[in-house]
Amino acid sequence: MKKRKNKALYPLTALILVMAMVLSACGSAAGAGSAGSTPAAENASTQTRAEQTKTDGSLSTDKKISSALSFQSEDKLDYAKHFSIYRYENGYTLINITDGSRYLVVPEGASEPPDLDKDIVPLHQPAEHTYLAASAVMDMFVKMNAVDSIDFSGESEDKWYIPEAAAAMKAGKLKYAGKYNIPDYEQLLDGQCSLAIESTMILHSPDVREKLMETGIPVLVDHSSYESSPLGRTEWIKVYGVITGHEKEAEKAYQSQKKQFESSVSKSSGKDGPTVAYFSINSNGAASVRKTSDYVPAMISFAGGRYLPDDLTDGKLTSTTTMQMEEFYKRAHKADILIYNSAIEGQISSIDDLLKKAPSLKNFKAVKEGNVWCTSRDMYQSSMEAGTITSDFHSIITDQKVSDKKLTYFKRLK
């Protein structure tokens, strides 16, 4: 069988494909996938249909994916719930994700099985020319020494708070290829992009995801932010270790962070600890808060605090929700500690800056007592620092007089 790597795309082909995408936007969706579609495009279309029907967040347990592959084992995971890894003979590895997508990592020099399930997307090693639009994943690539496998970034140089990423862009080794919702298709095709790693933000731009797959560029949506455990999020480094062939480095980085995290966990239960509200204010003046099942509330609990609001569950696979300030006030105004999430709406430097965003916050207990904090801009991108972040939370929760000079990711607002 002919090996498909989605790599050998010449400039003329790229131009034709880009023109075809423009035309398809003006035509019907049915016409976009008709004559001239490649096997990769057919696979992508099948994958999209499968994902549209997979909404319960469950993982595929189908181990029989090809008559040519013999199942050997399933990796045991410590905390992660949104992916699984199946091992097959001769080095083939299947990655299952809770959006219904499945990826078969094909060893270098090997061929795709002849009767592989049609919804499974093959990813050939070595992983090269990756487009990384999920900024939180970069720290994982850094920690397993795999940054060289990323050629394209969804963030510009000034938006990277990870030194290695900013340095790679400055040196020209990592090129800006457009945000997740407006990628430079022609640049990606000319650069032989073989994989696009997206955050769940791409779910708000399904047409972009579809166009990437139509060109033969597989799309993997990182669901690490949906993990309820901080170490579950960190454990996603194992997915990228499989894809890049850096499994030993990934396991070492994960175990190091696991050890640090477990040493930072409070011995006291969060049920009796100080209450903590973690939030941001959007441009409409509404509060964006983490759901109770999210990994940030879990960190707060592990650090000895009680997260507010404490009953934010709606059954949807999203990590945040938005509420009007009146409702936020009702649920969180008695919080002992307020922590403003600067990763979403930008950095603030004082309580006055915060009150400009939402004047009603002046009536919150924590504001009156001066126990207000904000995160650094780089905290969200630091996905491999669960131990350090939990340690910071613990210091804030257990020591009201702690100096922010002793913290890594938080600053006290005055």
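Residues numbered from 1 in each chain as written. Predicted model: local features only at pLDDT ≥ 70, side-chain atom pairs only at ≥ 80, totals over all residues. Heavy atoms only, no water.

A. Spotlight on helix α5 (residues 163-170). Among all positions of α5, only A165, A166, A168 and M169 are buried. Across the axial projection of α5, the buried residues extend over an arc of 160°, all falling on one side. Of the exposed residues in α5, the ones pointing more than 90 degrees away from its buried face are P163 and K170. Of the surrounding elements, those touching the buried residues of α5 are α4 (138-143), β7 (150-153) and β8 (175-176). In the segment just after α5, G172 is the residue with positive phi, at about 85°. (Buried < 20%, exposed > 50% of the residue type's maximum accessible area, 1.4 Å probe, protein only. Helix = DSSP H or I, 4+ residues; strand = E, 2+ residues; numbered from the N terminus. Arc of directions from axis to C-beta. Contact = heavy atoms within 4.5 Å.)

B. Representation of the sheet that holds strand β1 (residues 71-74). Here we have 5 strands laid out as an open sheet, ordered β1-β2-β3-β4-β5, and mixed in their pairing. At either margin of the open sheet sits one strand with a lone partner, and together these are β1 and β5 (120-124). Ignoring which end each strand starts from, the neighbouring axes of this sheet average 25° apart. Where β1 meets strand β2 (residues 83-88), 3 bridges bridge the pair, whose relative direction is antiparallel. Paired with E74 across the bridge in β2 is Y86. (Pairing = 2+ DSSP bridges. Axes fitted to C-alpha atoms, helices over the stretch in contact; angles between N-to-C directions.)

C. Local environment of the packing of helix α9 (residues 237-244) against helix α10 (residues 247-264). Where α9 meets α10, the axes come as close as 8 Å, and the angle between the chain directions of the two elements is 165°. It follows that α9 is roughly antiparallel to α10 by the angle criterion. As for how α9 packs across α10, the hand of that crossing is right-handed. Taking contact as the criterion, the partners of I237, K238, G241 and V242 in α9 are, on α10, E247, A250, E251, A253 and Y254. (Parallel < 35°, antiparallel > 145°, perpendicular 65-115°, else oblique. Left-handed = near helix turned anticlockwise from the far one by under 90°.)

Scope: geometric values only; no functional claims are made or implied.
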